[in-house]
Amino acid sequence: MIETKRLKIYASSKEQMEAFIAAQSVDVLKTAYSEMLDGALMHPEQWEWYAIWMIELKDGTHIGELCFKGLSEKGIAEIGYGIAEEYQGCGYATEAVSTLSGWALKQPGVSCVTAETEEANIASQKVLKKAGFIPTGKTGEEGQIFARGITIRPETHGDYKNIVSLVLRSFKEGTDYSDGTDIVALIEEIRDSEYYIPELSFVAELDGEIVGHFLFSRFPLSKTPDGGHGGANDTDIVMLAPVSVHADHLRQGIGSAMIELGIQKVKEMGFVGIIVEGNFRFYNTVGFVTSFEYGIFPVSGYPMTDPRCQMCMETFPDSLKGKGGYVVYDMYFNA
């Protein structure tokens, strides 16, 4: 049994499922629940993935059900749920779905939890989004597919071809300043440089498909705007660039999830700060501030439209103190 602040959620036993099915007055539901029981009996070793999960208030009042539709070979579990009409609008569905999908993602072999809902069912979509699911851009037999459980891992050589395709589409369809070819060249240039950090170059996967890519690389600050050396140590500051999210998955929280994980990895490796150039409205939401506050200034062949686009982040309190200097890209790539 799983308990939340307001609920008790548990997988029914055979006897509980039989009694529940017998009490159903709607034939469609009786058939659906009977099929779930058959699945549970056929796969007793995966009982939780086929059983009816009951949702009760702390006083034992039954208010709804949850279920999974088995567990696929790829580790994908599809969740379904329902709350009795008199208990809707109280946040119970969100609480239950968030809790059970979170439980599922902690189980061995589970990579992702999905759910389908009709495009017209706005209430259900809101429940899924509040529970941490994002729309995948795909449609299943019952409607739009949402997923929770983005996998973020270090890139491998085998990912390179897919990363190129991702970046080209991401920038061509998602921006008005690049067709992606220069971004692909940037990634390759970083990989070939002494500043490349394999452990800090990541891909994000959803349902086995690469939907995001980002990397951090060492970045020496210059003492002067013309690229003179003598600023921060080459090994203690990193640059976040580039960041790519599949055009079909923009504004779905993938970028934030990637960067938040990356920041944690940067801290674990002991780097004192992160520099990034981009949309300050986005990066400010994940903890970056204008780099001028730390005496770090941009020097670029492409003047930024807003000085707030050059940002940085301390990874530890006062870790950027005394690390001021200039961001000179020519020095970075031609060192």
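Look above for the structure.
These figures come from a predicted structure and were not determined experimentally.

Parameters and conventions
Residues numbered from 1 in each chain as written. Predicted model: local features only at pLDDT ≥ 70, side-chain atom pairs only at ≥ 80, totals over all residues. Heavy atoms only, no water. Phe/Tyr/Trp six-rings, centres within 6.5 Å; stacked < 30°, edge-to-face > 60°. Helix = DSSP H or I, 4+ residues; strand = E, 2+ residues; numbered from the N terminus. Buried < 20%, exposed > 50% of the residue type's maximum accessible area, 1.4 Å probe, protein only. Axes fitted to C-alpha atoms, helices over the stretch in contact; angles between N-to-C directions. Parallel < 35°, antiparallel > 145°, perpendicular 65-115°, else oblique. Left-handed = near helix turned anticlockwise from the far one by under 90°. Contact = heavy atoms within 4.5 Å. Nonpolar A, V, L, I, M, F, W, Y, C, P; charged D, E, K, R; others polar. Disulfide = S-S within 2.5 Å.

Draft legend 1. Inspection of the packing of aromatic side chains at higher detail. Tallied over the full model, the rule gives twelve aromatic pairs. Seen in terms of ring centroids, Phe-68 and Trp-103 are 6.3 Å apart; in terms of plane orientation they differ by 35°. Their pairing is tilted. Note that Phe-68 is positioned in strand 4 (residues 62-71) and Trp-103 in helix 4 (residues 92-105), a separation of 35 residues in sequence. On the numbers, 5.8 Å between centres and 40° between planes, the contact of Phe-297 with Tyr-326 is tilted. Of this pair, Phe-297 sits in strand 15 (residues 296-299) while Tyr-326 sits in strand 17 (residues 325-328); the two residues are 29 residues apart in sequence, bridging distant segments of the chain. By relative accessible area, which is 33% here, Phe-297 ends up partly exposed. The class for Tyr-326 is partly exposed, based on a relative accessible area of 25%. An aromatic cluster of three or more residues is present, and its members are Trp-49, Trp-53, Phe-68 and Trp-103.

Draft legend 2. Region of interest: the packing of helix 6 (residues 160-174) against helix 7 (residues 181-192). Interhelical geometry of helix 6 versus helix 7 gives an angle of 140° and a closest axis separation of 8 Å. It follows from the interaxial angle that helix 6 and helix 7 lie oblique. Two packed elements cross with a definite hand, and for helix 6 against helix 7 that hand is right-handed. Between helix 6 and helix 7, the contacting residues are Tyr-160, Ile-163, Val-164, Val-167, Leu-168 and Phe-171 on the first element and Thr-181, Ile-183, Val-184, Ile-187 and Arg-191 on the second. When grouped by side-chain class, the residues that make up the contact of helix 6 with helix 7 number nine nonpolar, one polar and one charged.

Draft legend 3. Inspection of unusual backbone geometry at higher detail. Geometrically, the link from Ala-241 to Pro-242 is a cis peptide bond, its omega value of -10° lying close to zero. Structurally, the position occupied by Pro-242 is in strand 12 (residues 237-245). One non-glycine residue, Asp-318, adopts positive backbone phi at about 65°. Along the polypeptide, Asp-318 turns up in the loop between strand 16 (310-314) and strand 17. Of the residues examined, Asp-318 reaches a relative accessible area of 57% and is grouped as exposed.

Draft legend 4. Looking closely at the side chain of Ser-291. For Ser-291, the location among the structural elements is in the loop between strand 14 (289-290) and strand 15. Contact partners of Ser-291, with chain neighbours within four places excluded, come to Ile-296, Gln-310, Met-311 and Cys-312.

Draft legend 5. Molecular detail of the state of the cysteines. This model, assessed by the stated rule, comprises zero disulfides. Cysteine Cys-67 remains unbridged, with the sulfur of Cys-112 as its closest cysteine sulfur at 16 Å. Residue class for Cys-67 comes out buried when judged on its relative accessible area of 14%. For the unlinked cysteine Cys-312, the closest cysteine sulfur is that of Cys-309, found at 14 Å. Classification of Cys-312 as buried rests on a relative accessible area of 1%.

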